[in-house]
Amino acid sequence: MLEFAIISSGLFITALGAWLFARYALVRVTIMEGRKGVHYRRGRLVGLLEPGQYVFWKGLLNDTVVMEETRVRSTTLTGQEIVTKDQVGVRISVIARYRLADPLRAHRELEDYTAYIHQTLQIAIREMIASMTIEEALGSKNAVAEKLKDVAAAKLSVFGIEILDASIRDIILPGEIRTILAKTLEAEMAAKSNLVTAREELAVARTQANTAKLIADNPIILALKELQTIAEFAKKSGNTIVLTPSSEWLSVLKGRGPTKNSGP
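Residues numbered from 1 in each chain as written. Predicted model: local features only at pLDDT ≥ 70, side-chain atom pairs only at ≥ 80, totals over all residues. Heavy atoms only, no water.

Explain the overall build of the protein chain residue by residue, including any values.
Within the protein chain, the secondary structure is distributed over eight helices and eight strands. When the 264 residues of the protein chain are sorted by exposure, 25% land in the buried category. Look at the contacts in the protein chain between residues 6 or more apart in sequence, and 62% of them connect residues 24 or more apart. When the accessible area of the protein chain is evaluated, it comes to approximately 18,200 Å², of which 57% is carbon and sulfur surface. (Helix = DSSP H or I, 4+ residues; strand = E, 2+ residues; numbered from the N terminus. Buried < 20%, exposed > 50% of the residue type's maximum accessible area, 1.4 Å probe, protein only. Contact = heavy atoms within 4.5 Å. Areas by Shrake-Rupley, 256 points an atom, 1.4 Å probe, with all protein chains shown as cover.)

Account for the nonpolar core, with residues named and values stated.
When a protein is soluble and globular, its nonpolar side chains tend to lie buried together. Among the nonpolar cores identified, the biggest contains 34 residues, and Val90, Ile92, Ile125 and Ile161 are the most heavily contacted of them. Elements with a contribution of two residues or more to this core: strand E6 (73–83), strand E7 (89–100), helix H3 (113–130), helix H4 (134–139), helix H5 (141–156) and strand E8 (161–172). In terms of residue count, H3 provides more of this core than any other element does, seven residues in total. Excluding anything up to four places from it in sequence, Ile92 contacts Leu77, Thr78, Gly79, Gln80, Ile82, Ile125, Ile129, Ile168, Asp170 and Ile171. (Core = buried A, V, L, I, M, F, W, Y, C linked by side-chain atoms within 4.5 Å.)

I'd like a rundown of the environment of Phe56, residues and numbers included.
When you line up the elements, Phe56 lands in strand E4 (residues 52–57). Taking the relative accessible area as the measure of exposure, Phe56 reaches 10% and is therefore buried. The sequence separation of Phe56 and Val27 amounts to 29 residues, and the corresponding C-alpha distance is 5.0 Å.

Describe the sheet that holds E8, listing the residues and the values that go with them.
Ordered by their spatial adjacency, three strands build an open sheet running E6-E7-E8, and the pairing between neighbours is antiparallel. Because the sheet does not close on itself, it has two edges, and the strands there are E6 and E8. Each strand of the sheet is rotated relative to its neighbour by a mean of 20°, with strand direction disregarded. In terms of strand pairing, E7 meets E8 through ten bridges, oriented antiparallel. If you follow Val94 over to E8, its bridge partner there is Ile168. Running over the sheet, H3 touches E6, E7 and E8 and is turned about 40° from E6. H5 contacts E7 and E8 of the sheet and is inclined by roughly 145° relative to E8. (Pairing = 2+ DSSP bridges. Axes fitted to C-alpha atoms, helices over the stretch in contact; angles between N-to-C directions.)

So what's going on with H5? Which residues, and what values?
Between its first and last C-alpha, H5 extends 22 Å over 16 residues, near the 22 Å set by a 1.5 Å rise per residue. Residues Val144, Ala145, Leu148, Ala152, Ala153 and Leu156 constitute the buried set of H5. The arc that holds the buried residues of H5, viewed along the axis, is 165°, so those residues lie on one side. (Expected span 1.5 Å × (residues − 1). Arc of directions from axis to C-beta.)

Please set out the packing of H3 against H5 residue by residue, giving values where relevant.
Two elements in contact, H3 and H5, have axes separated by 9 Å at closest approach and are oriented at 135°. Classified by the angle between their axes, H3 and H5 sit oblique to one another. Considering the relative orientation of H3 and H5, their crossing is right-handed. Across the interface between the two elements, Tyr116, Ile117, Thr120, Leu121, Ala124, Ile125, Met128 and Ile129 of H3 pack against Val144, Lys147, Leu148, Val151, Ala152, Lys155 and Leu156 of H5. Residues of the contact of H3 with H5, tallied by class, amount to twelve nonpolar, one polar and two charged. (Parallel < 35°, antiparallel > 145°, perpendicular 65-115°, else oblique. Left-handed = near helix turned anticlockwise from the far one by under 90°. Nonpolar A, V, L, I, M, F, W, Y, C, P; charged D, E, K, R; others polar.)

Can you tell me about the pairing of E6, naming the residues and giving the values?
Across nine bridges, E6 lies against E7 in antiparallel orientation. What sits directly across from Ile82, in E7, is Val90. In this structure, the hairpin formed by E6 and E7 is closed by a connection of five residues, where Gln87 is found at a positive phi of approximately 65°.

Give me the sheet that holds strand E5 (residues 63–69): which residues, what numbers.
Read across the sheet, three strands follow the order E3-E2-E5 without closing on themselves; strand pairing throughout is antiparallel. Each of the sheet's edge strands pairs with one partner strand only, and the pair in question is strand E3 (44–49) and E5. Strand-to-strand twist across the sheet, computed as the mean angle between neighbouring axes with direction ignored, equals 25°. As paired elements, strand E2 (residues 35–41) and E3 share five bridges and run antiparallel to each other. When the sheet's bridge partners are listed, Tyr40 is paired in E3 with Leu45.

Account for the side chain of His39, with residues named and values stated.
Note that His39 resides in strand E2. The exposure class of His39 is buried, given its relative accessible area of 6%. Within the structure, His39 has its side chain in polar contact with the side chain of Asp63 (distance 2.7 Å). The residues contacting His39, other than those within four sequence positions of it, are Arg44, Leu45, Val46, Gly47, Leu49, Phe56, Asp63, Thr64 and Val65. (Polar contact = N/O pair within 3.5 Å; in protein donor to acceptor, adjacent residues only side chain to side chain.)

What follows is the structure, encoded as structure tokens:
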């Protein structure tokens, strides 16, 4: 009985020791899908951990793991106040999507890669807008966004950061500039409307001139048109109209052309 008690006590102490060891001497780390772990040991960068479960010594080697998202993320620059080439102050908001392609390089080279992304986009958009007039900036937002993406990608790729795209969300103008642009747009629309009207009037005039020339060269067309008009009038009024052709009409119908000084 005594031996059984001693054995039981030994097993309990062993189990307790194992539990305390696992509880305080080991560290379990689980890296979820879509993330990677940047592994440090005693403050030094060791390597990259793929998704899965890992166990480290807690006190002996002082292992730490920093979780990094490798899926697509976005960052936003709001209310960037910039002066254009023609001295117009604007406020611009930019959205960019990026992915951490190489977490090891980003950790090795940059203290805070998210802050560096923000600063890179900020400097790039300021330099671009400052070199453009307000008309150029407003008229080529897509081109500006594409160039911003290319500039930022070239600077960030060396640190393992991939810029996928960028877009200009807002360009806010001062009130007086908005008024001027609205009046300019109104004037341009009125000019385009007047141009369209002038073209239509010119087309009508050309059609009338061609019709007049055609009638002058072919008098029978005029005679037939008159007959058509009279027939339509008679149909609408319900009356019967009797026509007595003149010698001029007869000559036209016979194909000799109108006679001079002919009477009814």
